[in-house]
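Geometric and topological summary
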Amino acid sequence: MERGKMTSDQVVAELIGMGFEFDDVKEAIKAVGPSLDDAVEFILNGCCRKSRNVLGSSTSSLGGSTSSKKSAGKMRQLSIIEHLQCGRKPNKSSKFTNEPHLVMPSSERLLGTALGSKESLPETSNAIIPCYKDEDDIGRSDWEMEVKHILKKHFGHSFLKPFQKEALAAWIAHKDSLVLAATGSGKSLCFQIPALLTGKVVVVISPLISLMHDQCLMLAKHGVSACFLGSGQIDKSVEEKAMNGIYGIIYVCPETVLRLIRSLQRLAESRGIALFAIDEVHCVSKWGHDFRPDYRRLSILRESFSTENLKFLKFDIPLMALTATATIRVRDDILKSLCMSMDSKIIVTSFFRPNLRFSVKHSRTSSLSSYEKDFHELIEIFTRKKKFGKAHQLMSKNLEHAPDNMSRTATCDMFEPDTIDDDDAFSESDSEVGMSNECRSASSKDKKLSVEYLEDECDVFQDTDDLDVSCGEFSGQSTAKILNESDSTDAYDLQSRSEERLKLQLGPLEEGPTIIYVPTRKETLSVAKFLSRFGVKSAAYNAKLPKAHLRQVHKEFHDNILQVVVATIAFGMGINKLNVRRIIHYGWPQSLEAYYQEAGRAGRDGKLADCVLYANLTRIPTLLPSQRSEEQTKQAYKMLSDCFRYGMRASSCRAKMLVEYFGQEFVQKKCFLCDICTKGPPEAHNLKKEVTILMQAIMSHNGQNRFQDVSYNDAIEPGVSCRRFVEKSNFKRLISTIREQHHEFISCDFLWWRGLARVLEDKGFIKDGDDKAHVQIKFPEPTESGLQLLRSENRPFYVYPEADMMLSMRNRKPYSSFAEWGKGWADPEIRRQRLERKRERSWKRPKERKMVKPDMKTVRGRLVAKILKRR
Ligand SMILES: Nc1ncnc2c1ncn2[C@@H]1O[C@H](COP(=O)(O)OP(=O)(O)OP(=O)(O)O)[C@@H](O)[C@H]1O
Ligand SMILES: [Mg+2]
């Protein structure tokens with residue numbers, strides 16, 4: 001670039017790049033304007049305010065200023081407050097003494113994105129912004145005023161949200177912080193503002209290249225200099241420039257930050273590092289849903305950037321860890337694993353998203369007929385009535401030609417009756433590395449099932465590059481306006497506005513961008529194809545599809561050209577499209593953390609949005625394959641189990657369940673929007689008799705006498721655990737026994753008892769007897785309170801039926817039905833009837849068939865001969 005034509009921002013960037021101190025640069029530009037040579041001359045001639053005594057003689061040439069660069073690079077680490085005061089102090093010698101004080105935000109100083117060599121630099125019109133210090137501002141802290149100004153100028157927002165303010169206050173006080181705030185609440189600002197406020201660098205550790213890429217693009221749009229480093233960065237010079245302090249914000253993946261520790265320490269000494277932000281920090285924890293081993297190694301940051309290690313620091317460079325989904329256990333793990341300081345500030349906002357309407361629906365989610373039933377409404381919304389007539393005809397035609405097993409109606413609302421195959425109720429994968437039912441059914445027709453197949457089918461992410469696809473999400477519309485409406489007091493604190501929510505609930509859900517999450521890559525294609533056939537503009541998205549296609553999908557979805565994206569988890573973190581109206585999960589998610597994060601992509605504009613989970617409520621979900629240690633497998637089962645329980649519970653507000661899952665109190669009792677709040681919970685039944693029978697059966701299967709008061713803690717009886725394990729009842733066998741012995745309960749099928757056992761387990765009356773993790777109790781043992789429950793014979797025991805119990809009750813058949821009672825052989829009456837019929841048939845058969853001479857050499861042959869002789 002020709003020097004004479006440089007903008008002031010570029011001149012500043014160049015000068016900082018040369019190693020001059022920022023204050024000198026600022027002063028030089030103020031004095032001589034945006035001319036690089038003049039500014040260099042000005043500084044080298046010692047005309048700067050304090051001269052700083054480091055720049056050598058006035059005759060030093062630019063090329064000969066190596067020593068100046070070195071010494072200029074060693075800045076004293078000002079406290080953040082000092083830094084601001086220094087920036088705001090009126091310059092007495094300045095001709096502006098009586099003028100408004102001038103402040104130069106860092107973004108104006110350093111413009112020049114490094115999004116790749118081809119990205120153009122955004123231009124800013126004015127490099128120096130007047131910041132008035134009027135009487136109103138006197139009582140307010142400098143940083144708050146400064147932030148307000150930056151917020152308005154760069155992001156168009158008028159106020160910081162309370163949690164953002166808290167996070168910034170913690171940073172100002174040089175404290176480490178853990179920020180837990182709902183998806184889409186604005187966590188990024190907490191670490192972007194420090195860069196703009198101080199002119200120092202903020203290093204942001206992020207798990208995905210696509211996320212970094214998007215955030216850089218977004219910042220570029222807001223006039224903030226940023227770059228990302230790592231394998232996804234095609235311009236290899238960016239890393240060097242970043243380490244020389246050219247960019248205000250450096251996005252980096254964990255592997256790269258670990259490699260760059262020494263360079264970053266040098267950067268801390270030269271330009272200065274204001275903050276290390278660790279975004280999506282739940283990836284640190286093994287107890288979270290998206291564990292990345294490299295994140296754990298980030299513990300090195302605390303030590304490497306502390307005063308103990310870097311003598312030039314006056315205080316440890318603060319760490320700010322941010323996530324939208326962390327249970328209490330995950331939070332503790334994060335603080336410990338990252339070695340965050342003891343007085344770390346933990347900032348928790350409400351996870352409640354009052355405009356999200358949660359519901360759960362029963363569906364087999366696996367066949368064309370399920371698609372028809374489940375997406376009927378969606379197709380109708382997108383294609384409108386007239387078109388849909390045609391679509392529906394086409395749909396029926398398709399189904400006519402579909403194989404029998406596909407054309408049967410397969411889905412129902414959570415509380416509607418449905419046919420339940422015995423196989424459904426009885427199937428639970430025992431394997432540690434199981435597979436989803438959806439995977440199973442989708443693949444069984446045409447492929448032999450194997451873990452390899454599933455690994456190839458499911459998007460499981462381990463690397464930063466896994467999603468090396470630009471999301472390209474820019475909020476082109478006035479984000480600030482929409483969000484400020486709901487956020488002016490507290491981001492999502494609409495707790496007392498139940499009436500408003502009721503209105504929302506009644507209002508029709510507008511047609512709008514929709515994301516359907518499916519578990520396998522194959523299903524992304526089949527569901528997208530299905531929807532496209534009926535005129536819905538939809539596209540598949542999974543990690544195995546060509547990058548060009550994925551970019552196109554992102555772009556078209558963002559531009560509202562695509563109506564529906566059918567995706568695996570690959571279409572994920574960081575999607576910040578405001579008007580997503582619907583998130584459909586088609587199949588069990590692997591955890592509530594993942595579910596809530598994905599569902600949280602809906603309704604970021606504050607308007608009503610739907611989050612629907614379609615899952616086969618008759619089957620127990622299984623884990624998708626992934627590399628896990630034994631401990632991780634156990635944890636993964638626990639998370640899957642929590643998710644299963646969320647789907648099965650029919651008596652508690654969905655939003656309440658979700659918010660409480662993350663360890664927060666849900667003060668308002670109801671959300672007024674979810675399926676449970678709108679339809680009301682099912683009627684509670686007194687199931688004292690059933691509970692007593694189940695508990696007794698469990699006890700007798702565990703080899704206990706009826707009311708014996710025994711502790712079931714294996715530790716009390718060392719050495720017997722092995723034996724007991726053998727004696728432990730398999731739940732299926734246990735239910736068979738109950739049904740054999742108690743004919744009055746013969747119509748309660750396995751599904752029903754399964755639900756009841758879960759209720760008892762949740763209430764602490766039974767527990768699983770083996771130390772493996774299960775999604776649903778498998779080897780029940782009574783607990784101490786379970787034994788007490790048995791003793792309280794006359795007290796009623798009211799139970800709200802769970803989803804599987806309700807499905808079972810609506811499908812009750814006479815006990816003699818073959819389909820109803822499994823294969824039936826455990827029932828003595830059915831066994832007797834069947835044996836009788838079989839005997840009759842076998843008597844008749846020989847007459848009908850051509851007689852074959854029995855083989856007298858075999859036992860069977862001799863028996864047949866005997867029978868024939870008798871006849
Ligand atoms: N103070 C504010 N006032 C109004 N809008 C805001 C404010 N802060 C952030 N936002 C807006 O909130 C939206 C979401 O921001 P951001 O991407 O930082 O969310 P997030 O919490 O990081 O979400 P996720 O959990 O998905 O990563 C953005 O469009 C942003 O402009
Ligand atoms: Mg974020």
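In short, a report on the structure. (Residues numbered from 1 in each chain as written. Chains lettered and ligands numbered in written order. Predicted model: local features only at pLDDT ≥ 70, side-chain atom pairs only at ≥ 80, totals over all residues. Heavy atoms only, no water.)

**A look at the sheet that holds strand β11 (residues 514–517)**
Strand-to-strand pairing in sheets goes through backbone hydrogen bonds, with the strands running parallel or antiparallel. Ordered by their spatial adjacency, six strands build an open sheet running β10-β15-β14-β11-β13-β12, and the pairing between neighbours is parallel. Only two strands of the sheet have a single neighbouring strand rather than two, namely β10 (356–362) and β12 (538–541). Between one strand axis and the next, the sheet turns by 15° as a mean value, whatever way the strands run. Bridge analysis of β10 against strand β15 (residues 609–615) gives seven bridges, and the strand direction is parallel. Counterpart to R357 in the pairing with β15 is D610. (Pairing = 2+ DSSP bridges. Helix = DSSP H or I, 4+ residues; strand = E, 2+ residues; numbered from the N terminus. Axes fitted to C-alpha atoms, helices over the stretch in contact; angles between N-to-C directions.)

**Thoughts on the packing of helix α33 (residues 750–762) against helix α35 (residues 803–810)**
Put simply, α33 and α35 touch, their axes get as near as 8 Å, and they point 155° apart. With respect to α35, the axis of α33 lies roughly antiparallel. The two elements α33 and α35 cross, and the hand of that crossing is left-handed. Only D804, M805, L807, S808 and M809 of α35 make contact with α33, whose side of the interface consists of L751, W752, R754, G755, L756 and R758. (Parallel < 35°, antiparallel > 145°, perpendicular 65-115°, else oblique. Left-handed = near helix turned anticlockwise from the far one by under 90°. Contact = heavy atoms within 4.5 Å.)

**Points about the site of ligand 1**
Around ligand 1 there are 20 residues in total, and F159, G184, K187, S188 and R604 lie nearest to it. Look at ligand 1: alone it shows 650 Å² of surface, and the protein chains cover 91% of it. Mapped by element, the contributors of at least two residues to the shell around ligand 1 are α9 (187–198) and α22 (479–487). Each residue belonging to the shell around ligand 1 can be placed in one class, and the counts come to six nonpolar, 10 polar and four charged. (Near = heavy atom within 4 Å. Areas by Shrake-Rupley, 256 points an atom, 1.4 Å probe, with all protein chains shown as cover. Nonpolar A, V, L, I, M, F, W, Y, C, P; charged D, E, K, R; others polar.)

**Structural notes on the packing of aromatic side chains**
To describe a pair of aromatic rings, one takes the distance between the centres and the angle between the planes. Taken as a whole, this structure holds 22 aromatic pairs when the rule is applied. Measuring from centroid to centroid gives 6.4 Å for F191 and Y251, while their planes differ by 75°, and the two rings are edge-to-face. Taken together, the positions of F191 in helix α9 and Y251 in strand β6 (residues 249–252) put the pair 60 residues apart, joining distant regions of the chain. The exposure class of F191 is buried, given its relative accessible area of 0%. Overall, Y251 belongs to the buried group, its relative accessible area being 1%. (Phe/Tyr/Trp six-rings, centres within 6.5 Å; stacked < 30°, edge-to-face > 60°. Buried < 20%, exposed > 50% of the residue type's maximum accessible area, 1.4 Å probe, protein only.)

**Some remarks on unusual backbone geometry**
Phi at E280 takes a positive value of approximately 50°, unusual for a residue other than glycine. For K669, which is not a glycine, the phi torsion comes out positive at approximately 70°. Residue position: K669 is located in the loop between α28 (654–661) and α29 (675–679).

**A look at α35**
Burial analysis of α35 places six of its eight residues in the buried class, which makes it a mostly covered element. Within α35, burial applies to A803, D804, M805, M806, L807 and S808. On the buried face of α35, the contacting elements are β10, α27 (630–648) and α33.

**What about the pattern of salt bridges?**
All told, the structure shown has 19 salt bridges when counted by the stated rule. Close ionic contact of D176 with R302 constitutes a salt bridge, the shortest N to O distance being 2.8 Å. Separated by 126 residues along the polypeptide, D176 in the loop between α8 (162–172) and β3 (177–180) and R302 in helix α15 (residues 300–304) bring together distant segments of the chain. The class for D176 is buried, based on a relative accessible area of 2%. Residue R302 is classed as buried on the basis of its relative accessible area, which comes to 8%. One salt bridge in this structure joins R259 and E239, with 3.0 Å as the shortest N-O distance. With a gap of 20 residues between them, R259 in helix α12 (residues 254–259) and E239 in helix α11 (residues 237–243) connect regions that are remote in the sequence. Judged by its relative accessible area of 24%, E239 is partly exposed. (Salt bridge = Lys/Arg side-chain N within 4 Å of Asp/Glu carboxyl O.)

Interpretation in functional terms is not warranted from these geometric data alone.
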